[in-house]
Structures are given as structure tokens and as C-alpha cells.
Amino acid sequence: MQVPAPFEYERATSVDQAIGLLERLGSSARLVAGGHSLLPMMKLRLANFEYLIDINDLHGELGYIRLGADEVRIGAMTRHRELLESDALAQVFPVFRDAEKVIADPIVRNRGTLGGSLCQADPSEDLSAVCTTLDASCVIRGANGERVVSMEEFHVGPYETAVADNEILTEIRIPVKSGKSGSAYAKVERRAGDWAVVSAGAAIWLDDKGHIHDARVGLAAVGPNTTGIPEISAALRGHEPDESLFELAGAIAARSCDPSTDTRGSAEYKRHLADELTRRTLRKAVERARS
Amino acid sequence: MTTVQEPSQVKLTEFEDNDQKPVGFGRMLRKEDARLLRGRGRFVDDVQLPGMLHLAILRSPFAHANIVSIDTSAAEASPGVKAVVTGETLKGLGLAWMPTLSNDVQAVLATDKVRFQGQEVAFVVAEDRYQARDALELIDVEYDVLDPVIDVRRALEPDAPIIRTDLEGKNDNHVFDWETGDEEETNRVFAEADVIVKEDIVYPRVHPAPMETCGSVADFDPVEGKLRLWSTTQAPHAHRTLYAIVAGIPEHKIQVIAPDIGGGFGNKVPIYPGYVHSIVGSIVTGKPVKWMEDRSENLISTGFARDYIMRAEIAATREGKILAIRTNVLADHGAFNGTAAPVKYPAGFFGVFTGSYDLQAAHCKMTAVYTNKAPGGVAYACSFRITEAVYLVERIVDVLAYELQMDPAELRLKNFIQKDQFPYTTKTGWVYDSGDYEPTMRLAMEMAGYDELRKEQAEKRARGELMGIGISFFTEAVGAGPRKDMDILGLGMADGCELRVHPTGKAVVRLSVKTQGQGHETTFAQIIAEELGIPPADIDVVHGDTDNTPFGLGTYGSRSTPVSGAAAALVARKVRDKAKLIASAMLEVSVADIDWVKGSFSVKGDPGKSVTIQDIAMRAHGAGDLPDGMEGGLEAQICYNPSNLTYPHGAYICVVDVDPGTAEVKVRRFIAVDDCGTRINPMIIEGQVHGGLTDGVGMALMEMISFDEDGNCLGASLMDYLIPTALEVPDWETGYTVTPSPHHPIGAKGVGESATVGSPPAIVNAVVDALKPYGIRHADMPLTPSRVWDAMRGQATPPI
């Protein structure tokens with residue numbers, strides 16, 4: 001049996017109380033939401049914290065999906081399963097349901113949260129790629145109030161985010177743009193529930209003439225950070241979507257990423273997948289935008 | 001007897017047969033499942049004894065390093081700690097080293113140096129698991145890191161670091177050379193052949209990864225001088241004898257108990273240092289001590305399987321008549337030679353690499369070497385290296401088909417050993433007991449719709465889609481002994497069985513073999529039921545406890561039904577013979593005038609005059625007269641020594657689709673036709689086949705224990721070492737033919753490992769077939785998307 005090192009445990013009853021505890025305990029404490037990344041790391045003693053602050057009781061406060069006219073707001077404690085099952089969310093951003101279908105397994109999805117996934121900041125993390133694709137921003141709260149950062153700012157490095165030791169990620173905000181839009185997600189994995197070898201999300205917004213008003217691609221598992229690829233957006237804007245455009249986007253994706261060889265695959269293969277999956281998801285996103 | 005509710009897709013006839021058989025063979029729900037499915041099983045980790053302490057093991061972070069010093073003082077002072085034991089402590093007791101199953105020695109705790117990452121360096125015994133684990137962090141070990149030998153191909157180079165400096169005079173990493181077949185004759189046949197095809201084929205290191213990891217609870221009673229050991233073992237009797245030899249405790253004072261076991265697959269055949277640690281821990285502290293390894297420990301330190309690099313060559317005529325096969329194998333045995341195989345068979349039963357084909361000659365040369373990796377080489381659902389042998393021959397036959405531009409099914413049909421050639425002696429000396437290969441192959445092809453599949457494939461290829469059809473046809477050799485040829489450390493591979501019929505006609509049968517999930521409590525009850533006519537529900541199967549079962553070598557290599565199944569049938573017949581004598585006395589007729597129909601004896605010509613086995617049981621124990629000179633009671637015991645192995649066979653066909661863009665492989669269909677001789681419980685057989693096929697998908701597509709150049713194990717968790725889920729496998733399509741074994745009392749052959757042996761080549765052959773448009777004839781496992789993509793670009797590389 002793998003057992004963690006000794007730690008103390010507290011259940012937070014409100015966001016403010018959690019922040020209070022973090023203020024007091026600093027870097028010796030860690031928030032635990034779903035725990036599906038943190039607890040295995042603690043059991044393997046790769047992560048050792050003196051204090052664990054359980055925020056699962058904050059699901060009532062931070063578990064929500066609110067659709068507004070120009071923005072979707074999702075609470076950080078919203079569980080994978082809730083993201084997967086929300087028809088309203090799938091209607092606006094089908095990329096979420098695509099991704100959730102291939103994230104881990106039902107046991108993990110019942111417990112794991114959007115905020116936990118983002119804060120874990122694993123380079124292979126699917127929801128980071130989804131949020132990057134959708135140009136999401138992150139609401140971080142501390143004792144002195146809230147601040148809002150972009151996904152680029154949020155991701156500092158592998159397993160590192162803009163959330164300070166005394167702060168908590170409370171909400172993800174995703175802009176809803178006018179016009180027809182579509183999004184999609186694709187992942188290659190060695191086995192169901194495995195981390196991605198590579199995955200890609202794509203979102204497309206079309207103008208009245210059916211030309212691309214905006215396009216975004218987010219990749220996971222091909223570099224230290226999940227970041228958008230502005231060059232793809234620039235290359236696609238204003239054009240009518242077609243196969244040659246997808247190919248161009250794929251080529252940009254392949255040369256813009258920085259994968260490394262590991263047991264999941266060679267860097268070369270991952271670069272190829274960045275290309276292939278960019279094309280596939282863009283194709284699907286356009287298909288959805290037009291339908 | 002409970003019958004299975006009829007699922008719509010199962011042929012009704014099988015249940016009709018069953019309904020007419022309240023006793024004996026047929027589909028029957030597993031007796032043990034009432035317990036296991038309700039969470040009432042009792043596994044080693046469920047054992048709780050008063051005052052029990054807990055043990056945790058400190059393992060080496062390095063693959064190869066001298067131990068400079070170990071400071072245990074801080075750990076000893078840690079809360080709850082009762083003992084900290086190092087190799088030096090054990091050395092003083094003469095227990096630092098123990099024999100392996102292959103007559104090598106293995107460190108119980110490292111003394112001089114560590115030889116693989118994860119090797120046992122010290123252990124802590126404490127009041128609870130947390131305290132034991134926390135104290136490990138406080139043991140300070142100073143290592144002097146040495147260059148490791150990781151690439152098996154470099155192990156014998158003159159400048160390679162010497163791993164086994166503990167062996168006197170050892171100045172290389174050589175373990176053994178082994179040879180079988182006739183080299184000269186094989187070379188002659190090759191020289192005259194029209195076609196010779198050569199391919200380097202790697203069977204990578206994989207791990208059995210049973211759901212339950214290994215563990216033990218040792219309870220040494222210093223007053224009685226008796227050791228009770230609950231442990232995860234597939235071979236409790238063999239382990240008892242080895243503990244007697246290693247620990248010096250008299251054998252009659254050792255009781256090994258294997259309670260419910262959560263999967264073995266060969267992983268629980270060897271004795272691991274952890275078991276010995278728990279014994280030492282109990283002797284030192286005077287308390288019961290539990291050791292239960294965690295998942296990572298299981299994956300990095302316990303018995304692996306395979307790890308063969310094989311150069312295969314096949315010679316044939318232009319028309320596709322296979323003439324000869326030869327192979328040269330480099331075997332990676334890790335840091336200690338812990339292979340579980342009969343002593344005279346250092347390469348297990350690899351000699352059956354000649355497959356199911358009628359050859360003129362065959363030859364194999366093998367060299368085994370030490371590397372800085374975990375020891376083992378267990379029979380991981382492979383009947384002693386038959387998995388490697390079958391993979392070799394079924395892969396190289398497909399390569400030949402590719403070169404001859406022949407259909408692989410046609411090539412196999414053309415070369416099968418024919419029905420009338422059995423018993424058939426292969427060119428490597430194995431005597432196949434029985435077989436009728438063509439009907440099995442034809443049935444699989446018919447179930448698959450083979451010709452239609454080839455048509456569909458041609459159409460898809462024309463559209464640029466990648467579809468592959470893979471075939472494997474295997475012959476296994478299972479059920480070791482005979483004892484004259486086969487022993488483990490001098491213990492002959494024969495198995496005892498005891499049967500007692502109680503006065504009321506209920507029975508208890510005691511076995512030397514031990515189930516790890518295969519359903520022995522049902523299958524063996526059915527065997528006795530078939531012979532005696534006592535319903536299976538009235539027969540208790542006792543196994544796993546050395547104080548309460550007869551001696552025998554245990555369950556692995558698909559040997560339970562071939563060996564103990566025969567023992568059970570024969571012991572029941574012995575009881576029946578005695579029952580018949582009692583019946584003749586009760587019915588007052590001569591023995592010759594008695595008819596036996598299942599469950600009762602009657603007077604010939606007067607069926608109304610009869611006695612049941614239950615009547616006889618009461619008479620045997622009762623006050624009534626017995627025939628002159630007969631003792632009371634109704635029981636018997638035997639020790640069965642098989643005269644030969646049994647040789648099950650099967651035809652497997654796999655259909656895959658490969659995504660040309662991402663190189664992902666999807667197993668679309670899998671047809672498995674097995675011939676394991678007489679079928680005792682078809683439901684259990686199908687369950688075993690389903691499990692083995694799933695295992696095969698894992699090995700073919702994702703499983704591999706790999707290492708980095710420093711010898712760090714890269715498969716130390718189930719996030720890194722992947723095993724397949726229900727989502728990676730299709731609905732299995734199973735079928736069967738029945739060719740009974742001529743020497744087995746009920747004609748049964750083993751089946752537990754057939755599917756694990758037979759499925760990997762079918763899947764790999766299917767993937768390679770799908771890649772035919774790229775001009776590919778071979779790619780090594782595991783066929784992960786990345787490796788398939790390499791193959792598509794003509795850059796297939798060996799995994800090691």
C-alpha cells in the first residue's frame with residue numbers, strides 16, 4: 001500500500017475561509033479538490049505538504065455553469081461529469097463534451113474538477129487545451145480581492161500557475177462571440193484513460209459570408225505549456241475555410257510545438273499528430289459551425 | 001446445481017445438455033463466486049492477527065551501486081518502530097542470500113551492492129503501515145554508483161561491468177547457453193531450400209501485473225516452534241519446502257496458507273525476498289508481521305516475463321512447404337536468474353517453437369545473460385516460455401507468407417501436422433499427444449467469414465483505408481511433469497489428491513494446486529461429480545493450505561487440470577471401485593452383476609434394485625457389515641504423475657483497422673477457436689479465454705517494462721505500464737473443437753494460458769497485414785500508435 005507522509009487536514013467551509021487558511025499556512029498547505037492528481041503524487045511521496053485544505057464542500061459555491069449573452073462562467077469546482085453532461089455547454093462549446101468524453105474514466109470524472117485540472121497545469125492536461133482554445137480567462141481570488149488573467153498568463157510553466165500560495169482559482173470565463181461558431185477536440189492516447197500522446201482543440205467563428213472571423217487552436221502534451229498558437233489564428237482569419245487552409249494550420253501547429261520523446265511516443269510522431277489533429281479538429285469545428 | 005441464465009447469444013443446446021446433467025461437466029455458476037462477488041473473499045491483506053506488526057521495504061534507487069554504508073539509527077528511533085533489518089543483520093544469521101527457482105541465488109537484502117532498481121536494501125517493522133513507511137525515509141544509505149548493464153546486447157562485451165561479483169570466479173555476465181534440435185541437419189535443409197526468410201523478432205519484457213500485489217503474513221510461534229505463513233503463492237507446498245531449506249525451520253513446523261488469491265499469472269510462483277522478510281520480522285519481534293507490497297514495488301521488483309531477442313529463420317520450398325526453422329535467442333534474465341521452469345529446461349518449453357507444422361529439421365541456440373534489471377522470467381500465462389515460442393513461429397510463418405505472396409491461412413493449412421501423425425514427435429523432441437488441426441482452423445475461418453474479410457480488405461485498400469487480418473495457430477505444451485523429466489529444485493512435478501466421502505454422501509476433495517481465480521472450487525467439484533454422481537454443490541474443494549492438503553507443485557503452466565484434474569478423476573474412481581464392492585454386498589449380487597449409472601449402482605437386468613452413492617457412504621461408515629477384509633470409510637488418495645504433457649491447440653483470427661492519419665490500431669474483431677480436449681465447464685473456459693485474449697491485446701499493443709539508460713524502470717505504475725481496458729477489446733467470438741488427450745483420464749488438456757499464448761501473434765500479424773501497402777513485413781510489439789507510425793514510414797525499430 002502506498003501511503004503519504006504525515007499531513008494535517010482541514011475542510012474549508014467557504015472560499016473566504018479557505019483563503020484565510022492559505023494566508024496563514026502559506027506554501028506548506030495545498031488545496032485539494034478532486035484529488036486525482038494530488039493524492040497519487042502524495043502517495044508516491046512526490047508531493048509532501050504539511051496541510052491539506054479540502055475544498056470539496058465549496059462545490060455549492062463554486063460548482064456552476066452559467067451561460068450569459070456574451071460570456072460563459074464556469075465555477076472552478078465544477079466536476080468533469082457536470083461539464084460532460086451539460087447540454088447547454090455542449091450547445092455553445094461542443095469542444096468541452098468532446099474533451100470530457102476522453103478524459104480519464106467515469107470515476108475520475110465524478111470527482112475531478114475544472115479548477116483542479118487547470119491548477120495542476122500538467123502539460124498533457126486536456127481542459128487547459130480546451131480553455132486555451134476558447135480564449136478563456138481565469139478568476140483568481142485572494143485576501144485582497146479578485147484578479148482576472150488570460151490562459152497565457154495563467155500558465156507559468158509545467159505544474160506552475162499564476163495562482164499564488166494564498167490564492168484560489170474560483171472561476172473560468174469564456175467569451176461568447178457573435179456569429180456562427182464551432183469547436184472540437186481530438187486526442188490520441190495509447191489506451192482509454194491514459195494521458196494524451198497529443199491532443200488538440202480547435203474553435204472557429206464564421207462571419208456572415210462564411211469566412212473565418214476568428215480561429216484558435218490549443219494543443220496539449222507537445223511542450224512545457226499549453227498555449228494558443230497566434231500564428232494559426234492570423235493565417236486563418238478572413239479566409240473561407242477549406243482543406244488547404246486546414247493543412248496550412250496543421251503545418252504551423254507542427255512547427256510551433258515543442259514535443260519531447262517519451263514512452264508515449266517520439267517527438268517526431270507527436271509533431272505529426274499536432275498537424276493531423278489540428279486539421280481534424282478544425283475540419284470538425286467548421287462542419288459544426290456551418291450546421 | 002445452479003445453471004446459468006440463458007443469454008440470447010449462447011446456443012441453447014449447451015444448456016439442454018447441462019439441464020440433463022445435474023452432476024458432472026457443463027456450464028455451472030462458479031461456487032466460489034458467491035463469496036468473491038459479495039466481498040467475502042479472504043485475501044492475504046484481509047488477514048488480521050492480534051498484535052500484528054507491519055513491514056515496509058527500503059529499495060534501491062539505483063540499478064547498480066556499491067553499498068558504502070547504511071545508518072539505521074534514526075529509523076530505529078522513529079515512533080512505533082520495532083525492528084530495522086539490513087543485509088548485514090541477515091548475513092549474521094546466514095540468511096542474506098536465498099536460492100532462486102533456477103538454482104541461482106538472490107539477495108534477500110543486499111549486502112555488497114545493489115543490482116537492480118527496486119532491489120531490497122533494508123526493512124522496517126513497525127506498529128502500523130504508516131510508521132513503517134515513514135521510517136524508511138530515515139534510513140541513510142550511502143551508495144557508490146556503478147555503470148549499469150541495461151542493453152542486453154552489450155552484456156557480454158568484454159568491457160561490460162560484471163554484475164554477479166558475488167559468484168566466485170564470475171568474470172562475465174553469462175548465465176547459460178542452451179541448445180535444442182539438430183544443427184547440422186537443419187543447416188543442411190536450409191542450404192538446399194528454395195526460400196529462406198530471416199527476421200529479428202523481439203518479445204519485450206512485460207509484467208503479469210495481477211490485481212492483488214504480493215504479500216504475506218508471518219506468524220512464528222516460539223513456543224510451538226511453528227511458522228504459519230499466509231502468502232500470495234501459486235505453489236504453497238513447493239514454497240514450504242523451500243522455506244524449510246532456507247530458514248532451517250523443520251518442514252513439519254511450517255504451514256503455508258494461500259488464501260484467496262487475486263490473480264497470479266506466474267507472478268506468484270517465485271519466493272520473493274519480502275516473504276522471507278516477514279518471516280525474519282516475526283522471528284525477531286515475536287509478533288505476527290504483515291508485508292503487502294504496493295503497486296510500484298510489484299511492477300519494479302517482482303517476476304517479469306519474456307525479454308527474448310530472437311533471430312528467426314525459416315526455410316521453405318517455392319510452393320510453400322515449410323522445411324525447417326532455426327533461431328538464435330538472446331535472453332535477458334535480469335540480475336538474478338529467477339526463471340520459474342523445470343530444472344532441466346532453463347529456457348522453459350521454448351523448444352516447441354516448431355509450432356503446429358510438420359518440419360524436416362529445427363534448431364535453436366540460446367544465450368542467457370545477466371543485466372541490471374529485476375530478476376524473474378516467470379511463466380506469465382505462458383506455460384514456461386511457450387508464449388515466446390509461439391510468437392516466434394507464428395510471426396515468421398507470416399513473414400514467409402509475405403515473401404511467397406501466399407495467403408497466410410493457406411500456408412498454415414498446407415503445413416499442419418496431420419491427424420494421423422499423432423502422437424507426433426517434433427524435431428526438438430516433444431511428443432504432441434493428439435491434435436486435429438485443420439477442422440479447428442476451418443472453423444475459425446468460417447466463423448470469421450475469412451474470404452469475405454479478404455474481399456472487404458481489398459476494397460478498403462483500394463480506398464486507402466488500412467484493414468488487417470491476422471492469423472495465429474498455436475500448439476501449447478502444458479501440464480508438467482512427468483516427474484522423471486521435470487522438477488523444480490529437485491521436487492518432482494506430480495500432484496496429490498485426497499477424497500473423502502462423508503457418511504451422508506457429501507464429499508471433500510483436497511488438492512495440491514491453488515486457484516488464483518481460475519475456478520478450481522467449481523471445476524474440481526465437477527470432475528468428482530462426473531465420476532461419482534455426487535452433485536457439485538455437495539463437494540467441498542480444499543486447497544492452498546499445506547497442513548490440510550496433499551503435497552504437489554501448484555498451479556502455473558496450465559497444469560491444474562492436466563495434472564490435478566487427472567488426480568481428482570482417478571481418486572474418485574478409486575472411491576468408486578470401493579463403493580462398487582460395498583454395493584455388491586448391499587445388493588447381495590456379485591460385482592460382475594452390478595451396473596453403474598451416475599450416482600447409483602444397480603443389479604444388471606433389475607434396475608429397480610439399486611443403491612445410491614449416498615447409501616453406500618452411510619454403509620461405509622455405519623454399523624452394517626462390509627465385505628470381508630474391507631476397512632470402513634469411503635476415501636482415497638493418490639499422487640498423479642502425468643505420463644506426458646498435454647498439447648492444446650487453437651486457431652485465432654484478428655481483424656484490425658489502423659487509422660492512416662494517427663496510426664492508432666483498433667481491434668475490430670477477434671475469433672478464437674480453442675481445442676483443450678474434454679471441456680469440463682465451458683463457461684469457465686470461455687472466461688479464461690476472454691482474460692487471455694485481453695492480456696494479448698495488452699502485450700501486442702501497449703504493455704512493456706522499459707528502462708532508461710541508467711536502469712530506471714519506466715513502468716513503475718499503472719499510469720506508465722498500461723494494461724488494457726474493456727474499451728480496447730472487441731466482443732470476443734469464441735468457438736471450440738474437441739480432441740481429447742489420449743493419456744489424460746478424462747481427456748482434458750490445460751486451457752488457462754492458451755489465449756495469452758495465441759493472441760499476441762494474431763494481433764501483430766493483423767497490424768502488419770494492415771500495413772502491407774507500405775511494404776512492411778514485420779514490426780515489434782508493443783504496437784503503440786507512435787511505433788506503428790514509425791513502421792508506416794519504413795522506420796520500424798525494435799523496442800529495446
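These figures come from a predicted structure and were not determined experimentally. (Residues numbered from 1 in each chain as written. Chains lettered and ligands numbered in written order. Predicted model: local features only at pLDDT ≥ 70, side-chain atom pairs only at ≥ 80, totals over all residues.)

### Some words on the interface of chain B and chain A
Here is step 1 of the chain: Contacts between the two partners involve 24 residues from chain B, matched on the other side by 19 residues from chain A.
Here is step 2 of the chain: When residues of the side of chain B that touches chain A are traced back to their parent elements, those giving at least two are α5 (129–136), α9 (295–301) and α19 (785–792) of chain B.
Here is step 3 of the chain: The element best represented in the side of chain B that touches chain A is α5 of chain B, accounting for four residues.
Here is step 4 of the chain: Residue composition of the side of chain B that touches chain A, grouped by class: nine nonpolar, seven polar and eight charged. (Contact = placed C-beta atoms within 7 Å. Helix = DSSP H or I, 4+ residues; strand = E, 2+ residues; numbered from the N terminus. Nonpolar A, V, L, I, M, F, W, Y, C, P; charged D, E, K, R; others polar.)

### Structural notes on the domain arrangement of chain B
Residue and element names in this part refer to chain B.
Here is step 1 of the chain: Partitioning chain B into domains gives domain 1 (44–146 + 213–260 + 268–301), domain 2 (305–480 + 644–792) and domain 3 (494–640).
Here is step 2 of the chain: Every contact between the two is made by 13 residues of domain 1 and, on the other side, 13 residues of domain 3.
Here is step 3 of the chain: Elements supplying a minimum of two residues to the side of domain 1 that touches domain 3: α7 (236–247) and β13 (254–257).
Here is step 4 of the chain: The greatest single-element share of the side of domain 1 that touches domain 3, amounting to four residues, is contributed by α7.
Here is step 5 of the chain: Looking at the side of domain 1 that touches domain 3, its residues break down into eight nonpolar, three polar and two charged. (Domains from an automatic or database assignment.)

### So, the nonpolar core
Here is step 1 of the chain: Ranked by internal contacts, the top residues of the largest apolar core, which has 333 residues, are Val198 and Ile204 of chain A together with Val124, Ile528 and Val767 of chain B.
Here is step 2 of the chain: Not counting chain neighbours up to four residues away, the residues in contact with valine 198 of chain A comprise Val188, Leu219, Ala221, Val222, Lys270, Leu273, Ala274 and Leu277 of chain A. (Core = buried A, V, L, I, M, F, W, Y, C linked by C-beta atoms within 7 Å. Buried ≥ 20, exposed ≤ 12 C-beta atoms within 10 Å, placed from the backbone.)

### Let's talk about the UniProt feature "domain: FAD-binding PCMH-type" (unreviewed entry) in chain A
Here is step 1 of the chain: Per the UniProt annotation, the sites labelled "domain: FAD-binding PCMH-type" (unreviewed entry) are residues 2–179 of chain A.
Here is step 2 of the chain: Between the C-alpha atoms that bound residues 2–179 of chain A the distance is 52 Å, and the span itself is 37% helix and 25% strand. (UniProt positions renumbered as here; feature names shortened; annotations may be inferred.)

### Considering the sheet that holds strand β5 (residues 71–75) of chain A
Note: strands within a sheet are paired through backbone hydrogen bonds, in either parallel or antiparallel orientation.
All names here are of chain A.
Here is step 1 of the chain: Strand order in the open sheet made by the five strands is β4-β5-β10-β6-β7, with antiparallel pairing throughout. Two strands bound the open sheet, and with one partner strand each, they are β4 (65–67) and β7 (145–150). Neighbour-to-neighbour, the strand axes of the sheet open up by a mean angle of 20°, direction not taken into account.
Here is step 2 of the chain: In this structure, strand β6 (residues 137–142) lies alongside strand β10 (residues 168–175), joined through five bridges in antiparallel fashion. Note on β10: the bridge partner recorded for valine 139 is glutamate 171. (Pairing = 2+ DSSP bridges. Axes fitted to C-alpha atoms, helices over the stretch in contact; angles between N-to-C directions.)

### Considerations on unusual backbone geometry
For residues other than glycine, phi is negative in most cases, and the peptide bonds are mostly trans.
Here is step 1 of the chain: Put simply, alanine 480 of chain B and glycine 481 of chain B share a cis peptide bond, and its omega is 10°.
Here is step 2 of the chain: In this chain, glycine 481 of chain B is followed by proline 482 of chain B through a cis amide linkage whose omega measures 25°.
Here is step 3 of the chain: For proline 482 of chain B, the location among the structural elements is in the loop between β20 (466–475) and β21 (487–488).
Here is step 4 of the chain: Positive phi, close to 45°, is recorded for alanine 104 of chain A, a residue that is not glycine.
Here is step 5 of the chain: Relative to the elements of secondary structure, alanine 104 of chain A occurs in the loop between α6 (94–101) and α7 (106–111).
Here is step 6 of the chain: On the basis of neighbour count, alanine 104 of chain A is assigned to the buried category, with 20 C-beta atoms found within 10 Å.
Here is step 7 of the chain: Phi angles above zero are rare outside glycine, and alanine 121 of chain A is one such case at about 55°.

### Remarks on the pairing of β20 of chain B
Here is step 1 of the chain: Here β20 of chain B lies mainly inside the structure; 10 of its 10 residues are buried.
Here is step 2 of the chain: Here β20 of chain B shows two buried faces, one formed by Leu466, Gly468, Gly470, Ser472 and Phe474 of chain B and the other by Met467, Ile469, Ile471, Phe473 and Thr475 of chain B.

### Points about the packing of α6 of chain A against helix α9 (residues 126–133) of chain A
All names here are of chain A.
Here is step 1 of the chain: Across the interface, α6 lies against α9 with an axial gap of 10 Å and an inter-helix angle of 170°. In this view, α6 runs roughly antiparallel relative to α9, as classed from their interaxial angle. Regarding α6 and α9, the two cross each other, and that crossing is right-handed. Two secondary-structure elements touch here, α6 through Val95, Phe96 and Ala99 and α9 through Asp126, Leu127, Val130 and Thr133.
Here is step 2 of the chain: For the contact of α6 with α9, the residue count by class is five nonpolar, one polar and one charged. (Parallel < 35°, antiparallel > 145°, perpendicular 65-115°, else oblique. Left-handed = near helix turned anticlockwise from the far one by under 90°.)

### Here we look at the domain arrangement of chain A
All names here are of chain A.
Here is step 1 of the chain: Under the domain assignment, chain A is made up of domain 1 (8–54), domain 2 (62–175) and domain 3 (180–290).
Here is step 2 of the chain: Computed over C-alpha atoms, the centres of domain 1 and domain 2 are 19 Å apart.
Here is step 3 of the chain: Contacts between the two partners involve 13 residues from domain 1, matched on the other side by 16 residues from domain 2.
Here is step 4 of the chain: The element contributing the most residues to the side of domain 1 that touches domain 2 is helix α1 (residues 15–25), with five residues.

### Quick notes on the sheet that holds strand β16 (residues 322–332) of chain B
Residue and element names in this part refer to chain B.
Here is step 1 of the chain: A sheet is described by the order of its strands in space; here five strands give the open sequence β9-β17-β16-β15-β10, paired in mixed fashion. Looking along the sheet, the strands with just one partner apiece sit at the ends: β9 (174–181) and β10 (195–206). For this sheet, the mean angle separating the axes of adjacent strands, direction not counted, is 10°.
Here is step 2 of the chain: Bridge count between β16 and strand β17 (residues 361–369): nine bridges; the pairing is parallel. By the bridge assignment for β17, asparagine 328 is matched with lysine 365.
Here is step 3 of the chain: The strands touched by helix α10 (residues 386–404) are β10, β15 (305–316) and β16; relative to β10, the strand with the most contacts, the crossing angle is about 145°.

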